[in-house]
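Architecture at a glance
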There are 2 protein chains.
Amino acid sequence: MSKGIVKIAEICGVSIATVSRVLNNSGPVKESTRARILQIAQELNYKPNSNARSLSRRRTDTIGVILPELVDEFFMGVIQGINEVANRHQRYIMLSSSHSQRDELETMLEFMNGGRVDGVILMAPALHHTMKTILKSNTRPLVLLNCRPGIAGIVSINFDNFQGAKVATEHLIQHGYQKIAMITGPEINNDARERFRGFQSALKENNINLPKSFIVPGEFNIESGYYGFMRLMSLPEKPRAIFAANDMMVLGAYEAAKSLKLRIPDDVAIAGFDDIFLGRLLNPRLTTVHAPIVEMGRAAMQQILKMVDEKWRPEEEYTIHLSTGLVIGGSCGCINNNGNNFV
Amino acid sequence: MSKGIVKIAEICGVSIATVSRVLNNSGPVKESTRARILQIAQELNYKPNSNARSLSRRRTDTIGVILPELVDEFFMGVIQGINEVANRHQRYIMLSSSHSQRDELETMLEFMNGGRVDGVILMAPALHHTMKTILKSNTRPLVLLNCRPGIAGIVSINFDNFQGAKVATEHLIQHGYQKIAMITGPEINNDARERFRGFQSALKENNINLPKSFIVPGEFNIESGYYGFMRLMSLPEKPRAIFAANDMMVLGAYEAAKSLKLRIPDDVAIAGFDDIFLGRLLNPRLTTVHAPIVEMGRAAMQQILKMVDEKWRPEEEYTIHLSTGLVIGGSCGCINNNGNNFV
DNA sequence: ACATGAAATGTAAACGTTTACATTTCTTGT
DNA sequence: ACAAGAAATGTAAACGTTTACATTTCATGT
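Residues numbered from 1 in each chain as written. Chains lettered and ligands numbered in written order. Predicted model: local features only at pLDDT ≥ 70, side-chain atom pairs only at ≥ 80, totals over all residues. Heavy atoms only, no water.

Quick look at the pairing of strand β8 (residues 241–244) of chain A now. Residues and elements named next belong to chain A. Of the two faces of β8, the one holding Ala 241 and Phe 243 and the one holding Ile 242 and Ala 244 are both buried throughout. Inspection of the sheet shows strand β6 (residues 180–184) paired to β8 by 4 bridges, in the parallel sense. The residue bridging Ile 183 from the neighbouring strand is Ala 244, located in β8. Chirality of the crossover, the property in question, places the unit of β8, helix α11 (residues 247–259) and strand β9 (residues 269–271) among those that are right-handed. (Buried < 20%, exposed > 50% of the residue type's maximum accessible area, 1.4 Å probe, protein only. Helix = DSSP H or I, 4+ residues; strand = E, 2+ residues; numbered from the N terminus. Pairing = 2+ DSSP bridges. Right-handed = clockwise from strand over helix to strand, strands pointing away.)

To continue, consider the sheet that holds β8 of chain A. Residues and elements named next belong to chain A. Strand order across the open sheet formed by 4 strands is β7-β6-β8-β9, with parallel pairing between neighbours. Single-partner strands in this sheet number two, and they are β7 (215–217) and β9. The average undirected angle you get between the axes of adjacent strands in this sheet is 20°. Of the strands in this sheet, β6, β8 and β9 are in contact with helix α8 (residues 161–174), which crosses β8 at around 170°. (Axes fitted to C-alpha atoms, helices over the stretch in contact; angles between N-to-C directions. Contact = heavy atoms within 4.5 Å.)

Here 12 strands make up an open sheet; going across it, the order is β11(A)-β5(A)-β4(A)-β3(A)-β1(A)-β2(A)-β2(B)-β1(B)-β3(B)-β4(B)-β5(B)-β11(B) and the pairing mixed. Looking at which strands have only one partner, the edges of the open sheet turn out to be β11 (318–322) of chain A together with β11 (318–322) of chain B. Averaged over all pairs of adjacent strands, the angle between strand axes in this sheet comes to 20°, irrespective of strand direction. Two elements, strand β1 (residues 62–67) of chain B and strand β3 (residues 119–123) of chain B, share 4 bridges in a ladder whose sense is parallel. Looking across to β3 of chain B, one finds that Gly 64 of chain B is bridged to Val 120 of chain B. The sheet strands contacting helix α6 (residues 101–113) of chain A are β1 (62–67), β2 (92–97), β3 (119–123) and β4 (142–145) of chain A together with β2 (92–97) of chain B, and the helix crosses β1 of chain A at an angle near 165°.

Turning our attention to the nonpolar core. If you look at soluble globular proteins, the nonpolar side chains tend to sit buried side by side. Judged by nonpolar contacts, the single largest core of 166 residues is most densely connected at Ile 121 and Ile 157 of chain A together with Ile 121 and Ile 157 of chain B. In contact with Ile 157 of chain B, other than residues within four places in its own chain, are Val 143, Leu 144, Leu 145, Asn 146, Met 296, Ala 299, Ala 300, Gln 303, Ile 320 and Leu 322 of chain B. With 38 residues, the next largest nonpolar core counts Phe 111 and Ile 134 of chain A together with Ile 66 and Ile 151 of chain B among its residues. (Core = buried A, V, L, I, M, F, W, Y, C linked by side-chain atoms within 4.5 Å.)

With that out of the way, let us pick up the confidence of the model for chain A. Residues and elements named next belong to chain A. Confidence in the prediction of chain A, expressed as mean pLDDT, is 93, and 97% of residues score 70 or more. In the model, residues 338–343 has pLDDT below 50 throughout and makes 25 contacts with residues more than four positions away in sequence or in other chains. Reported confidences for the modelled complex are a pTM of 0.92 and an ipTM of 0.91. (pLDDT = per-residue confidence, 0-100.)

Turning our eyes to something else, we now look at the relation of the copies chain B and chain A. You can overlay chain B on chain A at an RMSD of 0.1 Å; the transform is a turn of 180° with a shift of 0.0 Å along its axis. What the superposition gives is, in effect, a two-fold axis relating one chain to the other. Interface overlap between copies: 100% of the residues of chain B at the interface are likewise at the interface in chain A, consistent with a symmetric, same-surface contact. (Least-squares fit on C-alpha atoms with pLDDT ≥ 70 in both.)

Take the pattern of salt bridges next. By the definition in use, this model includes 38 salt bridges over all chains. A salt bridge links Lys 47 of chain A to Glu 106 of chain B; the nearest nitrogen and oxygen atoms lie 3.0 Å apart. Of this pair, Lys 47 of chain A sits in the loop between α3 (31–43) and α4 (50–57) while Glu 106 of chain B is found in helix α6 (residues 101–113), placing the two residues in two different chains. Measuring nitrogen to oxygen at the nearest pair gives 3.5 Å for the salt bridge that ties Arg 88 of chain A to Glu 84 of chain A. Taken together, the residues span about one helical turn, with Arg 88 of chain A and Glu 84 of chain A both in helix α5 (residues 72–88) at a distance of 4 residues. (Salt bridge = Lys/Arg side-chain N within 4 Å of Asp/Glu carboxyl O.)

Attention now moves to the environment of Gln 80 of chain B. The residue Gln 80 of chain B is located in helix α5 (residues 72–88) in this model. With 69 residues separating them along the chain, Gln 80 of chain B and Pro 149 of chain B place their C-alpha atoms 24 Å apart.

To continue, consider the protein's contact with DNA strand C. Within the structure, DNA strand C sits among 27 residues, and Ser 20, Arg 53 and Ser 56 of chain A together with Ser 15 and Arg 21 of chain B are positioned closest to it. In DNA strand C, atoms within 4 Å of the protein come 66% from sugar and phosphate. Tyr 46 of chain A has a polar side-chain atom sitting 2.9 Å from a phosphate oxygen of DNA strand C. In this structure, Ser 15 of chain B approaches DNA strand C through a main-chain N or O atom, which is 2.5 Å from a phosphate oxygen. Those elements that provide at least two residues to the surface near DNA strand C are α1 (4–12), α2 (16–24) and α4 of chain A together with α2 (16–24) and α4 (50–57) of chain B. Among the residues making up the surface near DNA strand C, the classes are represented as 11 nonpolar, 10 polar and 6 charged. (Near = heavy atom within 4 Å. Polar contact = N/O pair within 3.5 Å; in protein donor to acceptor, adjacent residues only side chain to side chain. Nonpolar A, V, L, I, M, F, W, Y, C, P; charged D, E, K, R; others polar.)

What follows is the structure, encoded as structure tokens:
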């Protein structure tokens, strides 16, 4: 027995072209036959085979998403935003998170050249050289998250890390703290570098000296926050406030503070970056910079769709900065901001 | 200019069949031509068009994943497990999370009949009637997460909610508590029901009475935990211990306890279910039941692949129970278990 | 040198759509 | 009743693979 569109055509006694026209609302069809075809399709529970469809139309209505990891709410938020917009536009998303650099490149190649997806959203805080080469080939619409590639025709979306870090640091300065240290993120990470720059900028503009010892490297995880804090607090000259490049490290710092019996913010003030869920539950509640992650996902998808649907490509390198905002808690020394925490 | 396989064939002066054979390692090809073809393919940066491939082979090497939501670490963990196994087997995953019932059904139909995926992993704590009908049609391999559909030919994977809840409750009982209440989950939620059953079972076996007032309904979120706790603690006869059907509600309970100035576990002991990341940071650290979420994702993918690759289908209804385990913290009254928390 | 079978290659038909172009069938004005 | 144009429908060629089957080429034993 024949299948799909052909079967419908046979039953209705028309050609497959007519059926296709009805199903896609392309071209004129007599009302009566249209109704008939629609009805039969319904009865047969017909769903077009999307592979055949994609092959013919040269588009799949799916977007590839490549993330470096699949842990913590950060990625979750991004996916959520992506999915939201995808749903609204009836698109599907193909998700991939490769642990090895090797796999990541492989997936990228498959997405760019395999015809599986119409466009790719790539989150890569650090760009491997080979990856850059692939990106330059520019076969398909591409949106980059959290990095600035410096390649024309590609859209990249970033948080305003610089501004966010600067504002947070300025807030600490306004509290009157002079000895401010920072636990930074990985050197290769774009966000981390920008945040560090923002931090430096704020200090510089306020003529505050930043000793080398006040810059300790972190790895964006709890452990490094813990050790970073420990290290800072064992300096002969201790900082009065600490800005951590992300909230995860703050968790470690809180733990360290607890084990050293240091009070936050009385002994040392702390500010973070990201505004993770947990930050609101800390005691004292964490002062941090809100990073609009869901918004980032949404924006990414919207851009991709714009490129796919309207065949639009930016002439030059095109970067969107999502504005960040300070979330005031009690950890910086502000009072009356511990109401919500309950841990 | 010709494309893909045809182009390679032209350049190498062979037929497309030979090229295909080389690329797929199917059938014998002279070593020299094989080498040549491989080299040209490499030079051209050739990637087979997967739509054409899927159309012809009638398989896509991608698995559809439908989740009810995309929030919190629970789903993240499941996806992580799924992705892990998918990567290992060179499969792609198509992710979808629909907010409306309507969309969910639509996606399911598309996945089942649209030829986009080889199989589907569906997480649906509650099964709508229409959905059941779709599942029964049984067009493609299907693995269900967190629900028992009672349909032959379908694999479902569940946590051992009953046992987990029972063990947790027994632990509370062993502490000597007699007045034990529970904040339950949504009635329609399968996990929630099972956990409640386990709770009841433990009490019954220990001949402990369970007054109606000690069962308060929750919604698996922070707020309902908060209000559930409040309600229990405003009873004329207050419980000495509370078992919450999930950890999220425990967060609310902790908050409520704090605002009521009740100490945990001295005034009221608490145990939860899920073992969320945050639980380990609570003060006192939460006693809860570990739900192996990543493992669930892995198992789901493995089952699907088994069905797809080996064309295997269970004769009857086939349910896998993932064993849960008690995680002892300080919230139940056990001492020396507050070491790790630092909030 | 030849028959025989295996190895290597080619041909062409799927797979299920979309779509440009051709053809037929309706309207409508005269 | 007919021409002209619009509306409806049909035909057939893509889209880029895989694969059953047919054909050619090669090695081997005689």
